[in-house]
Amino acid sequence: MEWYSKYLQVYEKPFAEAPQTVIEEVRRNLAGLQSNEPLVTVSLIGYNEEKHLLACLWSLSEMKCKYPVEIIGVDNQSKDRTAEIYEACGVTYFTETQHSCGFARLCGLNQARGKYHINIDSDTMYPPKYVETMVDALEKPGIVAASSLWSYIPDKDHSWLGLKIYESTRDLHLWLQSFKRPELSVRGLVFAYRTEYARKTGIRTDIIRGEDGYLALQLKQFGKIAFVRKRRARAVTGYGTVGADGTLFNSFKVRVVSRLKGIGGLFTVCKGEVIVREKNGCNKYTTKTLIRQVFFPEGHEICRYCPFCVADPSNHKREICQITGEILAFADLVIDGRCPLIDE
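Conventions and cut-offs
- Residues numbered from 1 in each chain as written.
- Predicted model: local features only at pLDDT ≥ 70, side-chain atom pairs only at ≥ 80, totals over all residues.
- Heavy atoms only, no water.
- Buried < 20%, exposed > 50% of the residue type's maximum accessible area, 1.4 Å probe, protein only.
- Helix = DSSP H or I, 4+ residues; strand = E, 2+ residues; numbered from the N terminus.
- Contact = heavy atoms within 4.5 Å.
- Phe/Tyr/Trp six-rings, centres within 6.5 Å; stacked < 30°, edge-to-face > 60°.
- Core = buried A, V, L, I, M, F, W, Y, C linked by side-chain atoms within 4.5 Å.
- Pairing = 2+ DSSP bridges.
- Right-handed = clockwise from strand over helix to strand, strands pointing away.
- Axes fitted to C-alpha atoms, helices over the stretch in contact; angles between N-to-C directions.
- pLDDT = per-residue confidence, 0-100.
- Polar contact = N/O pair within 3.5 Å; in protein donor to acceptor, adjacent residues only side chain to side chain.

Helix 5 (residues 130–138) sits mainly inside the fold: eight of its nine residues count as buried. Three or more residues of helix 5 are buried, namely Tyr130, Val131, Glu132, Thr133, Met134, Val135, Ala137 and Leu138. Looking at the buried residues of helix 5, the elements they touch are strand 1 (40–46), strand 2 (69–75), strand 4 (116–121), strand 6 (143–147), strand 8 (191–194) and strand 9 (224–227).

And the structure:
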């Protein structure tokens, strides 16, 4: 039996179906964890996460951590019972009226009292030693941020074996990438960092997604980003972009192709700017060909920083190309090989 198995009884379930005994247990355990002088702030963000938040809080309530912690929440002005769940579990929470992960994470950062700040996504469950393991990494000299790995919950559409193959391939790529470009291996659901440095750089709120990687990029000026591969720091979550391309096999194939196209970037640092042709909009005309320069942070020429990379209205956990309408399966790693704008 997996460590998260019992939390599944309230995962993907409306709050009305949650057993009162579970709610009381979570509230009691969380109260026992809260410290008046925390070393680390565990900050949850949630927007319409009624069906996931209780399972997340239940997992956090059973953490085993030698460091003093505080657990706070951010409600991104949800329309469901997200705020009510925070209240029922006795979690201090703040309401952020501007919608986006960036605004929600910034709200949590601004309210944090700990030396370290750990991002938590409400649709994710965390093992008992997760917080302690992440803080262990941050306590090492020269480390200013840490990112770990995550798994998906097997179900009737995603077999255990298929997911393991997919995750192993992805994990290998993220690990290799972390040597030269650790910020590209960062994901917000498993990200922790020094509070004071994050406040100095701030968290971007002008982009729909990618604020976590951009924050990591900015934090590199203060020190190193640790890549934590220990199983006790491996979270479990639901499905975002997995399956967006149809079957698990197709998702796997799309991502492998994307990785192979960008494999050179694992061992080199790219420089310069990418010049693209703009098909919609206007900057300047040259012999009836519309040209636009898109500037990227040095060494980070990826789809996610392109103005034509936008959130998919039908699935906020993935991006699409505004021009072609195609799903950008790996927007945070490379410029998609099918990009119609690249000036060869």
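Next comes the rest of the description.
This brings us to the packing of aromatic side chains. As enumerated under the stated definition, the model contains nine aromatic pairs in all. Aromatic pair Trp3 and Tyr4: ring centres 5.3 Å apart, planes at 85 degrees, arrangement edge-to-face. With a relative accessible area of 29%, Trp3 lands in the partly exposed category. Each member of the aromatic cluster is reached from another via a ring pair, and the members are Trp3, Tyr4, Tyr7 and Trp58.

Leu44, Leu54, Leu57, Ile118, Ile120, Tyr130 and Val131 are the most contacted members of the largest nonpolar core, which totals 57 residues. Among the elements that line this core, the one with the most residues is helix 2 (residues 53–61), at seven residues. Discounting chain neighbours no more than four positions away, the residues touching Val131 are Val40, Val42, Met63, Cys65, Val69 and Ile118. Core analysis: the next-biggest nonpolar cluster, separate from the first, contains 13 residues, Phe191, Tyr197, Ile203 and Ala216 among them.

In this sheet, strand 3 (residues 92–95) lies alongside strand 2 in parallel orientation, the contact comprising four bridges. Opposite Val74, over in strand 3, you have Phe94 as the bridge partner. Considered for its hand, the β-α-β crossover made up of strand 2, helix 3 (residues 82–88) and strand 3 is right-handed.

Strand order in the open sheet made by the seven strands is 3-2-1-4-8-6-9, with mixed pairing throughout. In the strand order of this sheet, the two ends are held by strand 3 and strand 9, each with one partner. Within this sheet the neighbouring strands show an average axis-to-axis angle of 25 degrees, counted without direction. Helix 2 rests against strand 1 and strand 4 of the sheet, and its axis sits at about 165 degrees to strand 1.

So, on to the confidence of the model for the protein chain. Looking at the protein chain as a whole, the pLDDT averages 83, with 77% of positions reaching at least 70. Here residues 266–291 scores under 50 on pLDDT; set against residues more than four positions off or in separate chains, the count is 59 contacts.

So, on to unusual backbone geometry. The residue Glu12 is not glycine, and still its phi comes out positive at about 65 degrees. Among the secondary structure elements, Glu12 is positioned in the segment before helix 1 (20–33). The partly exposed category is assigned to Glu12, whose relative accessible area is 46%. With phi around 55 degrees, Asn48 is a residue other than glycine that occupies positive phi space. Counting through the fold element by element, Asn48 comes out in the loop between strand 1 and helix 2.

The next point concerns the side chain of Glu132. Looking at the element boundaries, Glu132 is found in helix 5. In this structure the side chain of Glu132 is engaged in a polar contact, spanning 3.1 Å, whose partner is the side chain of Lys129. Residues within four places of Glu132 in sequence aside, it is in contact with Lys64, Cys65, Lys66 and Tyr67.

On to helix 2. In terms of residue burial, helix 2 counts as a mostly covered element, since nine of its nine residues are buried. Every buried residue of helix 2 is listed here: Leu53, Leu54, Ala55, Cys56, Leu57, Trp58, Ser59, Leu60 and Ser61.

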